[in-house]
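Given next are the chains, with one letter for each unit.
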Amino acid sequence: MPREKICSSATMKRRKCHMQHGIQDESCVQEELLEKKCFAETLCVKEAIEFYHQPMRKDADVKASCNTLVESFAFPEQMLPDVIQKSDRDYCRKVVHKLAKCLSKHKVGNR
C-alpha cells in the first residue's frame, strides 16, 4: 500500500489544520503527533510498541510509556508519574532515537 494511503485520515486532519493555522503554528501539534503515531504503528511496529505502549519502567506502580513523557506538552491530559527519574529520560531518549531512525527510513516527517 502506498504511504499516502496508510494514514490518509490522520494526514488529512494535519493538512487541514496547517491550512487553517499555517505550518509553523503550534496549534497543529496534536494532529502532527497523531499522524506520526499512525505511521509509526504501521511502518515501525516494534519501535512503536516500545514508544507508545511499553512502560518506561519495570516498576509495577509506573505504567507510563515514553510517549507520555515525551509528548506531555501536547497531551496534558496524559498522566505522568509523580517522579521522573534520569533513567526514565535516558531510556526514552534511546527509544525515541530508534523510532525516529525507523521513520526516517520510510521518509516520514519529510515534507
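Attention in this report is confined to the structure presented alongside it. (Residues numbered from 1 in each chain as written. Predicted model: local features only at pLDDT ≥ 70, side-chain atom pairs only at ≥ 80, totals over all residues. Heavy atoms only, no water.)

**Structural notes on the packing of helix α2 (residues 8–21) against helix α3 (residues 29–43)**
Between two packed helices, what matters for the description is the angle formed by their axes and the separation of those axes. The N-to-C vectors of α2 and α3 enclose an angle of 160°; their axes lie 9 Å apart at closest approach. One element, α2, and the other, α3, form an angle in the roughly antiparallel class. The element α2 and its partner α3 pack so that their crossing is left-handed. Of α3, the residues touching α2 (which contributes A10, T11, K13, R14, C17 and H18) are E31, E32, L34, E35, C38 and F39. Classifying every residue of the contact of α2 with α3 by side-chain character gives 5 nonpolar, 2 polar and 5 charged. (Axes fitted to C-alpha atoms, helices over the stretch in contact; angles between N-to-C directions. Helix = DSSP H or I, 4+ residues; strand = E, 2+ residues; numbered from the N terminus. Parallel < 35°, antiparallel > 145°, perpendicular 65-115°, else oblique. Left-handed = near helix turned anticlockwise from the far one by under 90°. Contact = heavy atoms within 4.5 Å. Nonpolar A, V, L, I, M, F, W, Y, C, P; charged D, E, K, R; others polar.)

**Details of helix α6 (residues 86–105)**
The terminal C-alpha atoms of α6 lie 29 Å apart, and with 20 residues this matches the ideal 28 Å at 1.5 Å per residue to within 8%. The complete set of buried residues in α6 reads D88, C92, V95, L99, C102 and L103. Looking down the long axis of α6, one finds its buried residues gathered within 95° of arc, a one-sided arrangement. Turned more than 90 degrees away from the buried face of α6, the exposed residues are K86, R93, K94, H97 and K105. Buried residues in α6 make contact with α3, α4 (45–53) and α5 (66–70). Backbone geometry just after α6 places K107 at a positive phi near 60°. (Expected span 1.5 Å × (residues − 1). Buried < 20%, exposed > 50% of the residue type's maximum accessible area, 1.4 Å probe, protein only. Arc of directions from axis to C-beta.)

That is the geometry; function is a separate question.
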